[in-house]
Each structure stands twice: as structure tokens, then as C-alpha cells.
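# Remarks on the overall topology
So you can see what is in the structure, the chains are spelled out below.
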Amino acid sequence: MIYYWLHIVFVFFGSKFFWKRVNLDENFSRSRRVSILDCDAFRFMANSKYFYYMDLIRLEITFRTDLYKNTIKKRKYPVIGSQKIIYKKPLKRWTKFNITLILEGWDDNWVYHRQVFSRNNEVYAIGFTKVGFWYKHKIQEIRPIIFESGIKLKEKPVSSEVLKMFDKDYNILKTTEK
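First things first, this report covers the structure right here in the doc. Given the structure is predicted, the values throughout are model-derived calculations rather than measurements.

## Re the overall build of the protein
Looking only at helices and strands, the protein features six helices and eight strands. Counting from the amino terminus, helix and strand elements in the protein follow one another as α-β-β-β-α-α-β-β-β-β-β-α-α-α. Considered along the principal axes of its C-alpha atoms, the protein spans approximately 45 × 45 × 35 Å. Buried positions account for 44% of the 178 residues belonging to the protein.

## A closer look at the pairing of strand β5 (residues 96-106)
Within β5, eight of the 11 residues are buried, which leaves the element mostly enclosed by the surrounding structure. When strand β1 (residues 28-33) meets β5, the two strands line up antiparallel, connected through six bridges. In the strand pairing of β5, Arg-30 is matched with Ile-99. As paired strands, β5 and strand β6 (residues 111-119) are joined by eight bridges and run antiparallel to one another. By the bridge assignment, Thr-100 is partnered in β6 with Val-116.

## Comments concerning the packing of aromatic side chains
Under the criterion given, the structure shown has 16 aromatic pairs. Aromatic pair Phe-12 and Phe-63: ring centres 5.0 Å apart, planes at 90°, arrangement edge-to-face. Pair noted here: Phe-12 is in helix α1 (residues 2-17) and Phe-63 is in helix α2 (residues 47-63), with a separation of 51 residues, a long-range link. Judged by its relative accessible area of 21%, Phe-12 falls in the partly exposed class. Counting every residue linked through ring pairs, the aromatic cluster contains Tyr-3, Tyr-4, Trp-5, Tyr-50, Tyr-52, Tyr-53, Tyr-87, Phe-97 and Phe-117. For Arg-30, the ring lying beneath its charged end belongs to Trp-19, and the centroid distance is 4.8 Å. For Lys-130, the ring lying beneath its charged end belongs to Trp-110, and the centroid distance is 4.9 Å.

## With respect to the environment of Lys-154
On the secondary structure map, Lys-154 appears in the loop between α4 (142-148) and α5 (160-166). What makes Lys-154 exposed here is its relative accessible area of 74%. Placed 84 residues apart in sequence, Lys-154 and Asn-70 show a C-alpha to C-alpha distance of 18 Å. Ignoring any residue separated from it by four or fewer positions in sequence, one finds Lys-154 in contact with Trp-106 and Phe-147.

## Observations concerning the side chain of Thr-95
Locating Thr-95 in the fold gives a position in the loop between β4 (77-87) and β5. Given a relative accessible area of 15%, Thr-95 falls into the buried group. Excluding anything up to four places from it in sequence, Thr-95 contacts Arg-32, Arg-33, Val-34 and Arg-119.

## Comments concerning the packing of α1 against α2
In helix packing, the relevant descriptors are the interaxial angle and the interaxial distance, both defined with respect to the helix axes. Following both chains from N to C, one finds α1 and α2 inclined at 30°, their axes separated by 9 Å at the closest point. Taken together, the axes of α1 and α2 are roughly parallel relative to one another. Judged by the sense of rotation from one axis to the other, the crossing of α1 with α2 is right-handed. Between α1 and α2, the residues in contact are Tyr-3, Tyr-4, His-7, Ile-8, Val-11, Phe-12, Ser-15 and Lys-16 and Lys-49, Tyr-52, Asp-55, Leu-56, Leu-59, Glu-60 and Phe-63, respectively. Residues belonging to the contact of α1 with α2 are distributed by class as follows: nine nonpolar, two polar and four charged.

Cut-offs and rules
Residues numbered from 1 in each chain as written. Predicted model: local features only at pLDDT ≥ 70, side-chain atom pairs only at ≥ 80, totals over all residues. Heavy atoms only, no water. Helix = DSSP H or I, 4+ residues; strand = E, 2+ residues; numbered from the N terminus. Buried < 20%, exposed > 50% of the residue type's maximum accessible area, 1.4 Å probe, protein only. Pairing = 2+ DSSP bridges. Phe/Tyr/Trp six-rings, centres within 6.5 Å; stacked < 30°, edge-to-face > 60°. Lys NZ or Arg CZ within 6 Å of the ring centre and 35° of its normal. Contact = heavy atoms within 4.5 Å. Axes fitted to C-alpha atoms, helices over the stretch in contact; angles between N-to-C directions. Parallel < 35°, antiparallel > 145°, perpendicular 65-115°, else oblique. Left-handed = near helix turned anticlockwise from the far one by under 90°. Nonpolar A, V, L, I, M, F, W, Y, C, P; charged D, E, K, R; others polar.

Written out as C-alpha cells, the structure reads:
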């Protein structure tokens, strides 16, 4: 956990003082290398690390845009509504890979992203996230937040394929409550 928070501090300071600003509505990529600390049995990247890198790239884009000053500085905190991942091939220890954050669209309360893990132009995994902002014990309307933060598009509807992927999540929670 300490490594996670140190990495977030590194991303925060890099974003604020060393790296140039980016646009919220453009694809954003970062190159990474699978370290020995990322691996299960020291060979392949652990499944949990994919989610770790998905968190980091979302936080980096938050810090490198006006989203930070319009959310976290105003005590509106990003929350994951749901996330899914599809694995195709494992990433081996010491290999370089790219993770690309792609804005899929938004609805009233949620922003949807696709995160593609690739190496040598080959897809290794694809993650999908549904993210909102929490303030005073409820999820906030997303449009004012993203428009104030620099989204240039008037509207970007989420594809039915992505919406369908997250469609039954709330019902699963309701049926498993005891």
C-alpha cells in the first residue's frame, strides 16, 4: 500500500510541475514496464496490477487537467461505480507495455472509460470503468463537472455495448444483500 501512495504522490508532483497538460477528451497513453513487484510468482503481471495501472492513469489525467481543481479541491472525490477487465494474454516480467485511456462517453452521473493494455501494437487486456464523483453522501451530476474541466464535446453518448456491460451491476447488489 505504501508503494501505491508513493506512486500517486509521484504522479501528482510530475503532473503539477514537470509534465504538460492534456485534454480530457483525447486518448491518453503511458508506457510502463512490468516490474518484479507487479508479478505473481515472479513471472507474469498479477491481475490486481492491471487495476492498479488503470487507477494511476485515471488519476494522472485528473491531475493534468482542470478536473482536479473542479473535483478533489472542492471535496468531490472520484469513485468507481464498476470496473471490468478482459484478459487476452499475460504480460511477462520486465516487458514494456502501453496503457491507453479512451473516453467512451458519459450519462447523467457517470463517465465511462476504456483502458487498453498493449505491447507491440497487440492488445493484451482491455479494462472498462464507470466513474463518478461523490460529494455529501451522493453521486454528483457529471456534465457540469466535465464541462467546467475542459471537455469540448457537447455530448458523447456511451455505446450500448458498454452500457450493457454495466447494466445489471446494481441488481446484483440488491439481490445479494442480506
